[in-house]
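Commentary on secondary and tertiary structure
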Amino acid sequence: MIFSLQGIVQELTPTYAVINVQGVGYYVGISLMTSQTLITNKETFLYIQQIIREDAHLLFGFKTRSEKEMFNLLISVNGVGAVSALILLSTLSLDEIASAILSRNSALIQKAKGIGAKTAERIIVDLKDKVQKFSDPEQNISTLANNKVKEESLSALEVLGIPKRMSEKLADKIIKQNPEISTEELVKQILKNI
């Protein structure tokens with residue numbers, strides 16, 4: 001099993017790199033996060049996840065051990081393949097993925113191309129107990145509180161006939177300025193600004 005590669009970046013694109021290790025070029029699938037840390041013709045070190053299938057031996061590379069761990073957690077979910085996991089890692093940071101899972105924010109997970117509602121829900125259910133270490137606990141507590149306040153406020157506004165689309169951006173902006181805001185205050189602020 002290949003655990004890591006150290007060599008020269010021979011070719012580089014946003015989705016793969018060719019790492020030349022003493023004359024042998026390894027084709028390695030990468031996320032955008034890892035791609036942005038690599039420089040063509042410079043030496044690099046990547047953690048590798050090797051996946052052996054009937055028809056192919058695939059290598060996926062990660063700049064950090066944490067990114068490799070998150071990738072392995074994601075592909076352990078039924079219906080999430082290596083490509084989907086890389087797209088998710090390219091779309092959101094590790095902290096954003098962990099926060100989305102912990103706060104059950106399936107809409108955020110669905111921002112990754114190719115991940116639908118059912119898969120996002122499966123990711124949340126399967127990984128909710130496994131992603132704590134990837135997120136900032138302080139931020140999670142306030143994010144969970146903010147999501148609850150936001151959801152309650154948007155529901156209240158919908159009852160008043162104000163479309164969710166219209167009030168959601170305003171809610172995000174107000175919460176960003178005042179993270180400790182109450183549901184009542186948020187509703188008042190949004191009504192003032194519509």
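Remember, it's a predicted structure, so these values are computed and weren't measured experimentally.

**Details of the overall build of the chain**
Scanning the chain from N- to C-terminus turns up nine helices and five strands. Sequence-ordered secondary structure for the chain, helices as α and strands as β, is β-β-β-α-β-β-α-α-α-α-α-α-α-α. A compact globule built from 194 residues would reach a C-alpha radius of gyration of about 16 Å, whereas the chain, at 20 Å, exceeds it by more than 25%. With respect to the three principal axes, the spread of C-alpha positions in the chain is 65 × 35 × 25 Å. Each of the 194 residues in the chain was classed as buried or not, and the buried ones make up 42%. Pairs at least 24 apart in sequence give 50% of the contacts found in the chain among residues at least 6 apart. Here the chain contributes 22 positive and 21 negative side-chain charges, whose respective centroids are spaced 3 Å apart.

**Describing the pairing of strand S4 (residues 43–52)**
For S4, the tally of buried residues reaches seven of ten residues, placing the bulk of the element in the interior. Direction of pairing for strand S1 (residues 4–12) relative to S4: antiparallel, over a ladder of five bridges. Bridge pairing links Gly7 to Thr44 in S4. By the bridge criterion, six bridges tie S4 to strand S5 (residues 57–62) in an arrangement that is antiparallel. Bridging across to S5, Ile48 finds its partner in Gly61. Between the end of S4 and the start of S5, which pair antiparallel, lie four residues.

**Brief notes about the UniProt feature "domain: Holliday junction DNA helicase RuvA C-terminal" (unreviewed entry) in the chain**
As annotated in UniProt, the feature "domain: Holliday junction DNA helicase RuvA C-terminal" (unreviewed entry) corresponds to residues 149–193 in the numbering used here. Counted over residues 149–193, helix gives 80% and strand 0%. Its end C-alpha atoms are 18 Å apart.

**Some remarks on the packing of aromatic side chains**
Counting across every chain of the model gives five aromatic pairs. Centroid distance Phe45 to Tyr47: 5.2 Å. Interplanar angle 90 degrees. Geometry classified as edge-to-face. Each residue in the set Phe3, Phe45 and Tyr47 is aromatic and connected to the rest through ring pairs, giving one cluster.

**Let's talk about the packing of helix H8 (residues 164–177) against helix H9 (residues 183–193)**
Running from N to C, H8 and H9 cross one another at 120 degrees; their axes reach a closest spacing of 10 Å. Compared by their axis directions, H8 and H9 come out oblique. Read as a crossing pair, H8 and H9 show a hand that is right-handed. Two secondary-structure elements touch here, H8 through Ser167, Leu170, Ala171, Ile174 and Ile175 and H9 through Leu186, Gln189, Ile190 and Asn193. For the contact of H8 with H9, the residue count by class is six nonpolar, three polar and no charged.

**A word on the environment of Leu191**
By secondary structure assignment, the location of Leu191 is in helix H9. Once the C-alpha coordinates of Leu191 and Ser167 are considered, the two residues, 24 residues apart in sequence, prove to be 8.7 Å apart. With near-sequence residues (within four places) excluded, Leu191 lies in contact with Leu157, Leu160 and Ile162.

**Some words on the UniProt feature "domain: DNA helicase Holliday junction RuvA type" (unreviewed entry) in the chain**
Mapped onto this structure's residue numbering, the UniProt feature "domain: DNA helicase Holliday junction RuvA type" (unreviewed entry) falls at residues 1–61. Counting secondary structure, residues 1–61 comes out at 7% helix and 59% strand; the distance between its end C-alpha atoms is 13 Å.

**Some points on the pattern of salt bridges**
As enumerated under the stated definition, the model contains one salt bridge in all. Measuring nitrogen to oxygen at the nearest pair gives 3.3 Å for the salt bridge that ties Asp55 to Arg53. Judged by its relative accessible area of 63%, Asp55 falls in the exposed class.

**With respect to the nonpolar core**
If you look at the biggest cluster of nonpolar residues, it comprises 31 residues, and the most contacted ones within it are Met70, Phe71, Leu74, Leu88, Ile109, Ile123 and Val131. Counting residues per element, this core draws most heavily on helix H4 (residues 94–102), which supplies six residues. In this structure, Val131 is in contact with Met70, Leu73, Ala98, Ile101 and Leu102, ignoring residues within four places of it in sequence. If you look at the next biggest cluster of nonpolar residues, it comprises twelve residues, including Val149, Leu154, Ile174 and Ile175.

Calculation notes
Residues numbered from 1 in each chain as written. Predicted model: local features only at pLDDT ≥ 70, side-chain atom pairs only at ≥ 80, totals over all residues. Heavy atoms only, no water. Helix = DSSP H or I, 4+ residues; strand = E, 2+ residues; numbered from the N terminus. Rg over C-alpha atoms; globule rule 2.2 N^0.38 Å. Buried < 20%, exposed > 50% of the residue type's maximum accessible area, 1.4 Å probe, protein only. Contact = heavy atoms within 4.5 Å. Lys, Arg positive; Asp, Glu negative; His and termini not counted. Charge placed at Lys NZ, Arg CZ, Asp CG, Glu CD. Pairing = 2+ DSSP bridges. UniProt positions renumbered as here; feature names shortened; annotations may be inferred. Phe/Tyr/Trp six-rings, centres within 6.5 Å; stacked < 30°, edge-to-face > 60°. Axes fitted to C-alpha atoms, helices over the stretch in contact; angles between N-to-C directions. Parallel < 35°, antiparallel > 145°, perpendicular 65-115°, else oblique. Left-handed = near helix turned anticlockwise from the far one by under 90°. Nonpolar A, V, L, I, M, F, W, Y, C, P; charged D, E, K, R; others polar. Salt bridge = Lys/Arg side-chain N within 4 Å of Asp/Glu carboxyl O. Core = buried A, V, L, I, M, F, W, Y, C linked by side-chain atoms within 4.5 Å.

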